[in-house]
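What follows is the residue order along each chain.
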Amino acid sequence: SIKSDLKKPSILLEDALERYMKATRYNRRPRTNRETYGVLRNLIGKLESEFIDEGTTEKVQGLAGMLQSQGLSQATVLSYLSLLKTFFNWLIEDAEVLDGRNPVNKVRKPPRSSKVRDYLVELELIKKLLEVQSLSSREGVPIIPLVRYLITTGCRLGEAIHLEWDD
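Residues take numbers from 1 onward in each chain, read along the sequence in its written order. Only residues with pLDDT of 70 or above have their local features reported here, since the model is predicted, and side-chain atom pairs are shown and tallied only from 80 upward, although totals for entire chains, interfaces and linings are computed over all residues. Excluding hydrogens and water, the side-chain figures rest on all heavy atoms present in the structure.

Peer 1: Explain the environment of Ser82 to me, and be specific about the residues and the numbers.
Peer 2: In this fold, Ser82 is placed in helix H5 (residues 74-94). A sequence separation of 23 residues divides Ser82 from Asn105, and the C-alpha atoms of the two residues are 9.7 Å apart. Going along the chain from the N terminus, every DSSP run of H or I of four or more residues is numbered as a helix, and every run of E of two or more is numbered as a strand.

Peer 1: Can you lay out helix H4 (residues 57-69) for me, pointing to particular residues and giving the numbers?
Peer 2: An ideal rise of 1.5 Å per residue puts 18 Å on 13 residues; H4 measures up with 18 Å between its terminal C-alpha atoms. Working definition: with a 1.4 Å probe on protein chains only, accessible area under 20% of the residue-type maximum means buried, over 50% means exposed, and in between means partly exposed. If you check which residues of H4 are buried, you get Val60, Leu63, Ala64 and Leu67. What you see down the axis of H4 is that its buried residues fit within an arc of 100°, all on one side. Pointing more than 90 degrees away from the buried face of H4 are the exposed residues Glu58 and Ser69. Positive phi shows up at Gly71, right after H4, with a value of about 90°. By definition here, a helix of n residues has an expected span of 1.5 Å times n minus one. Picture the helix axis, draw a direction to every C-beta atom, and the arc is the one those directions span.

Peer 1: Residues and numbers for the packing of helix H2 (residues 13-24) against H5, please.
Peer 2: Fitted lines through C-alpha atoms serve as axes, helices being fitted only where they are in contact, and the angles separating the N-to-C directions of these axes extend from 0 to 180 degrees. Interaxial distance between H2 and H5 falls to 11 Å at its minimum, and their mutual angle equals 90°. Considering their axes alone, H2 and H5 lie roughly perpendicular with respect to each other. In contact with Leu13, Ala16, Leu17, Arg19, Tyr20, Ala23 and Thr24 of H2, H5 contributes Thr86, Phe87, Phe88, Trp90 and Leu91. Amino acid classes used here: Ala, Val, Leu, Ile, Met, Phe, Trp, Tyr, Cys and Pro are nonpolar; Asp, Glu, Lys and Arg are charged; the rest, including Gly, are polar. Among the residues making up the contact of H2 with H5, the classes are represented as nine nonpolar, two polar and one charged. Each angle is binned into one of four classes, with values under 35 degrees roughly parallel, values over 145 roughly antiparallel, values of 65 to 115 roughly perpendicular, and all other values oblique. Any two residues whose heavy atoms approach within 4.5 Å at even a single point are treated as in contact.

Peer 1: Let's hear about a nonpolar patch on the surface: which residues, and what values?
Peer 2: Distance thresholds for patches are 9 Å for like charges and 5 Å for nonpolar side chains (Val, Leu, Ile, Met, Phe, Trp, Tyr), applied to residues having over 30% relative accessible area and no salt bridge. We get accessible surface area from the Shrake-Rupley algorithm with a probe of 1.4 Å; when it comes to residues, only the shown protein chains can shield them. A pair is scored as a salt bridge if a Lys or Arg side-chain nitrogen falls within 4 Å of a carboxyl oxygen belonging to Asp or Glu. Together, Val121, Leu125 and Leu129 give the surface a local cluster of nonpolar side chains, amounting to about 230 Å² of exposed area. As for its placement among the helices and strands, Leu129 is situated in helix H6 (residues 123-131). Look at Leu129 and you get partly exposed, because its relative accessible area is 34%.

Peer 1: Can you tell me about the nonpolar core, naming the residues and giving the values?
Peer 2: Only buried Ala, Val, Leu, Ile, Met, Phe, Trp, Tyr and Cys residues count toward a nonpolar core, and they belong to the same one when joined by side-chain atoms within 4.5 Å. Core analysis: the largest hydrophobic core is formed by 28 residues, its most contacted members being Ile52, Leu84, Phe87, Phe88 and Leu91. Residue assignment for this core shows that the elements contributing at least two residues are H2, helix H3 (30-46), H4 and H5. Ranked by the residues each element gives to this core, the list is headed by H5, at eight residues. Ignoring sequence-local partners within four residues, the contact set of Phe87 consists of Leu13, Ala16, Leu17, Tyr20, Leu40 and Ile44.

Peer 1: Pulling in residues and values, what's your account of the side chain of Arg28?
Peer 2: As for its placement among the helices and strands, Arg28 is situated in the loop between H2 and H3. The buried charged residue Arg28 lacks any salt bridge, with Glu35 as its nearest oppositely charged partner at 9.3 Å. Nitrogen and oxygen atoms within 3.5 Å of one another constitute a polar contact, given that in protein one can donate a hydrogen and the other can accept it, and given that sequence-neighbouring residues count only through two side-chain atoms. At 2.8 Å, the side chain of Arg28 and the side chain of Thr24 are in polar contact. Discounting residues that sit within four places of it in the chain, Arg28 has contacts with Tyr20, Met21, Asn33 and Thr36. Charge convention: Lys and Arg are scored as positive, Asp and Glu as negative, and His as well as the terminal groups of each chain are ignored.

Peer 1: Can you lay out unusual backbone geometry for me, pointing to particular residues and giving the numbers?
Peer 2: Unlike most non-glycine residues, Glu48 shows phi in positive territory, near 60°. Within the element layout of this structure, Glu48 appears in the loop between H3 and H4. For Glu48, a relative accessible area of 68% corresponds to the exposed category. A positive phi angle, near 55°, is found at Glu96, a position not held by glycine.

Peer 1: Give me the lowdown on the packing of H4 against H5, citing residues and values where you can.
Peer 2: Between H4 and H5, the shortest axis-to-axis distance is 10 Å and the interhelical angle comes to 150°. With respect to H5, the element H4 is oriented roughly antiparallel. Between H4 and H5 lies a crossing whose hand is right-handed. In contact with Val60, Leu63, Ala64, Leu67 and Gln68 of H4, H5 contributes Val77, Tyr80, Leu81 and Leu84. When its residues are assigned to classes, the contact of H4 with H5 shows eight nonpolar, one polar and no charged. Whether a crossing is left-handed or right-handed is set by the direction in which the near helix is turned from the far one by less than a right angle, anticlockwise for left-handed and clockwise for right-handed.

Below, the structure written as structure tokens:
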């Protein structure tokens, strides 16, 4: 009885998310804020919990399994779990509205099996790409120099996608 009287009032996960985003928005760019909010809102909606203190390791483990069964890559699942872990850490350590351990801590994460060597392009294909001198359907678009840049520098796909002219 005394313990329940001293217990902090339950906070809705949705409200906690709003507080988290408001408190931490200055640490991220606007686009990152939107993406982080969208991902966390989606995850919280699938967590099968209404209040912050209802989030258990069992529920988070179920969420991780569901994400994997949806065909998401291991890296994406790990990224989502990392975001959720950061959110719960903030509730525990910074906002001090949640007591106990982070429910994400004990969740079994998918094994990391992706190695760069599994995604390397065959040497013959690289040779063929380097031999291309022009593309009739892409005049004026610097695809050939871009492909050569990617091949010769070993630039990762994510880095290539986010390249800017200054780079």
